[in-house]
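Structural characterization, general
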Amino acid sequence: MSPLRIALLGYGTVGSSVVHRLTRADAVRDLTLTRIFDRRADVKRRAHADLRGVAWTTRIEDALCSDADVIVETIGGLEPASGWIQDALRAGKSVVTANKQVIARDGECLLRLAARQGRQLRFEAAIGGAMPIVRAVADGLAGDRLTRIVAILNGTTNAVLSRMDATRCAIDDAIRDAQRRGYAEQDPCLDLDGDDARAKLAILCGLAFGLRVTPEEIAARSAASVTSADVEAARRDGATIRQLACASHDAADSTLTAWVAPVAVPRHSIFGRATGPQNAALITGAHAGEIGVSGAGAGGDATAVAVISDLLAIARDRAAIVPALILKPPKCIRGFGEIADFRIQISDCESRMSDSFLAEAV
Ligand SMILES: NC(=O)c1ccc[n+]([C@@H]2O[C@H](COP(=O)([O-])OP(=O)(O)OC[C@H]3O[C@@H](n4cnc5c(N)ncnc54)[C@H](OP(=O)(O)O)[C@@H]3O)[C@@H](O)[C@H]2O)c1
């Protein structure tokens with residue numbers, strides 16, 4: 001079989017790590033990078049004169065109409081990324097994307113289009129960096145009836161909150177530290193406010209429960225107002241604060257409870273142990289019980305692992321069909337219910353969660 005030909009859209013943090021993996025001396029076999037599209041391809045090409053056999057372009061058509069078998073999308077944002085993924089599928093390419101926003105909004109339609117075209121759309125990198133949660137939920141646990149997912153899904157917020165805990169610093173100092181280390185954008189609001197985790201949780205609700213949920217339907221409390229006093233109070237209780245994303249599904253009455261919020265978790269739980277940009281998840285099934293996964297949740301190199309894994313899955317079986325999601329909306333979506341403010345929320349969630357599962361996760 002000839003190697004899988006790959007065109008990359010977007011040479012940024014993730015894209016450049018993917019290129020590095022595909023082109024260095026011990027490059028992954030069976031995968032050949034042929035093209036890089038980027039709006040500043042002219043500048044970036046000059047800095048990478050050593051990349052041989054790869055054509056750089058600023059014209060999207062050059063990538064979409066090339067002989068590539070797969071388009072890797074690492075541009076980010078909703079548009080034009082979503083439109084270009086559609087164009088790629090229509091042009092008969094499979095697509096690998098790291099874009100949670102696109103998958104949360106358009107994933108259902110795009111997967112249908114891919115199946116109609118006899119091509120694959122894979123998006124392991126869109127959730128959890130190198131933590132293989134998409135495969136865990138969609139494939140590995142497909143034989144169970146999943147009832148709950150509780151997870152740290154945002155590496156930036158985790159880096160900030162775990163830094164506050166480790167150094168007892170104020171949140172602004174922890175944000176500056178995360179920015180210095182490349183874990184946080186200049187404006188970390190989408191991460192701290194929970195928007196990023198809501199998009200990822202919405203995708204997981206589709207994969208795990210077959211529910212069509214938009215990120216906006218998921219309740220969120222910002223982690224931006226967590227103070228060092230809150231962290232100290234949690235510490236006195238043997239806990240630490242993490243941004244958790246939680247979704248539980250009651251199939252009997254088609255009710256989904258879903259929220260993202262800063263929560264005090266036991267220090268030695270899978271969540272308390274996740275530091276820096278790590279992610280972690282506990283997935284509960286009716287038959288298998290609890291399954292935990294954790295690992296590097298962000299960063300170019302970690303996320304490139306998920307991209308390369310998707311490319312290898314396509315290279316192994318080019319004719320495979322990634323099933324289109326058959327989703328229906330839940331009858332009822334609940335958020336926090338009675339939880340009124342952050343302090344109550346900490347103790348409320350802590351006692352409720354330690355009863356149900358966090359204690360066993362130690
Ligand atoms: N970074 C992570 O740790 C991480 C982890 C998981 C998933 N992801 C996802 O991966 C995707 C990429 O993230 P990233 O951190 O690599 O972003 P990034 O560093 O900003 O890279 C995006 C690249 O795309 C280029 N680009 C943006 N808009 C373009 C357009 N309209 N036309 C052509 N090129 C364009 C950018 O060019 P400029 O250089 O000119 O801006 C940049 O090179 C996003 O969907 C993100 O959510 C990222």
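No experiment lies behind these values; they were computed from the predicted model shown. (Residues numbered from 1 in each chain as written. Predicted model: local features only at pLDDT ≥ 70, side-chain atom pairs only at ≥ 80, totals over all residues. Heavy atoms only, no water.)

1. Examining helix 12 (residues 300-316)
Using the following cut-off: Strands are runs of DSSP state E lasting at least two residues, helices are runs of H or I lasting at least four, and both sets are numbered from the N terminus onward. Given the number of residues in a helix, its expected span is that number minus one, multiplied by 1.5 Å. For every residue, the accessible area obtained with a 1.4 Å probe (protein chains only) is divided by the maximum for its type, and the residue is called buried under 20%, exposed over 50%, and partly exposed between those limits.
Along its 17 residues, helix 12 runs 24 Å from first to last C-alpha, staying within 8% of the 24 Å computed at 1.5 Å per residue. Where burial is concerned, most of helix 12 is hidden: twelve out of the 17 residues are buried. Residues of helix 12 that are buried: Gly 300, Ala 302, Thr 303, Ala 304, Ala 306, Val 307, Ile 308, Asp 310, Leu 311, Ala 313, Ile 314 and Ala 315.

2. Things to note about the environment of Gln 179
To be explicit about the condition: We call two residues in contact whenever any of their non-hydrogen atoms come within 4.5 Å of each other.
Its place among the elements puts Gln 179 in helix 8 (residues 171-180). Those residues in contact with Gln 179 that lie beyond four places of it in its chain are Ala 184, Glu 185, Gln 186 and Pro 188.

3. Focus on the pairing of strand 5 (residues 94-97)
Put simply, side chains in a regular strand alternate between the two faces of the sheet. The condition that has to hold: A pair of strands counts as paired when DSSP detects no fewer than two bridges linking them. By the criterion used throughout, a crossover qualifies as right-handed when its path from the first strand across the helix to the second strand runs clockwise, the strands pointing away from the viewer.
Of the two faces of strand 5, the one carrying Ser 94 and Val 96 and the one carrying Val 95 and Thr 97 are both buried. With four bridges connecting them, strand 4 (residues 70-73) and strand 5 associate as parallel partners. The residue bridging Val 72 from the neighbouring strand is Val 96, located in strand 5. Since strand 4 and strand 5 lie parallel, the crossover through helix 4 (residues 81-90) that links them has a hand, and here it is right-handed. In this structure, strand 5 lies alongside strand 6 (residues 121-122), joined through two bridges in parallel fashion. Residue pairing for strand 6: Val 95 is matched across the bridge by Leu 121. Note on the crossover from strand 5 through helix 5 (residues 100-117) to strand 6: the handedness is right-handed.

4. Section: unusual backbone geometry
The omega angle of the peptide bond from Glu 79 to Pro 80 is 10°, so this bond is cis rather than trans. By the element assignment, Pro 80 lies in the loop between strand 4 and helix 4. Its identity is not glycine, yet Asp 30 carries a phi of approximately 75°, on the positive side. Within the secondary structure, Asp 30 sits in the loop between helix 1 (13-23) and strand 2 (31-37). Residue class for Asp 30 comes out partly exposed when judged on its relative accessible area of 44%. Of note in the backbone geometry, Ser 254 takes a positive phi value of approximately 50° without being a glycine. Considering the arrangement of structural elements, one finds Ser 254 in the loop between strand 9 (239-250) and strand 10 (255-266).

5. Let's talk about the packing of helix 7 (residues 155-167) against helix 8
Going by this rule: Orientation is described by lines fitted to C-alpha atoms, with helices fitted over the stretch in contact, and by angles between N-to-C directions that extend from 0 to 180 degrees. When an angle is under 35 degrees it counts as roughly parallel; over 145 it counts as roughly antiparallel; between 65 and 115 it counts as roughly perpendicular; any other value is oblique. Each crossing gets its handedness from the near helix: less than a right angle anticlockwise from the far helix is left-handed, clockwise is right-handed. Classification used: nonpolar for Ala, Val, Leu, Ile, Met, Phe, Trp, Tyr, Cys and Pro, charged for Asp, Glu, Lys and Arg, polar for all others including Gly.
Viewed as axis vectors pointing N to C, helix 7 and helix 8 meet at an angle of 125°, and their least axial separation amounts to 8 Å. The angle between the axes of helix 7 and helix 8 places the two elements in the oblique class. In the packing of helix 7 onto helix 8, the handedness of the crossing is right-handed. Between helix 7 and helix 8, the contacting residues are Ala 159, Val 160, Arg 163 and Met 164 on the first element and Ile 171, Ala 174, Ile 175, Asp 177 and Ala 178 on the second. In terms of residue class, the contact of helix 7 with helix 8 is built from seven nonpolar, no polar and two charged.

6. Topic: the side chain of Gln 120
Note the threshold: Throughout this description, a polar contact denotes any pair of N or O atoms lying within 3.5 Å of each other; where both atoms belong to protein, one of them has to be capable of donating a hydrogen while the other can accept it, and for residues adjacent in sequence the pair is counted only when both atoms sit in side chains.
Assignment of secondary structure puts Gln 120 in the loop between helix 5 and strand 6. Relative accessible area serves as the criterion here: at 0%, Gln 120 is assigned to the buried category. For Gln 120, the side chain forms a polar contact with the main-chain oxygen of Asp 317, separated by 2.8 Å. Setting aside chain neighbours within four positions, we find Gln 120 in contact with Leu 89, Ser 94, Val 95, Ala 114, Ile 314, Asp 317, Arg 318, Ala 319, Ala 320 and Val 322.

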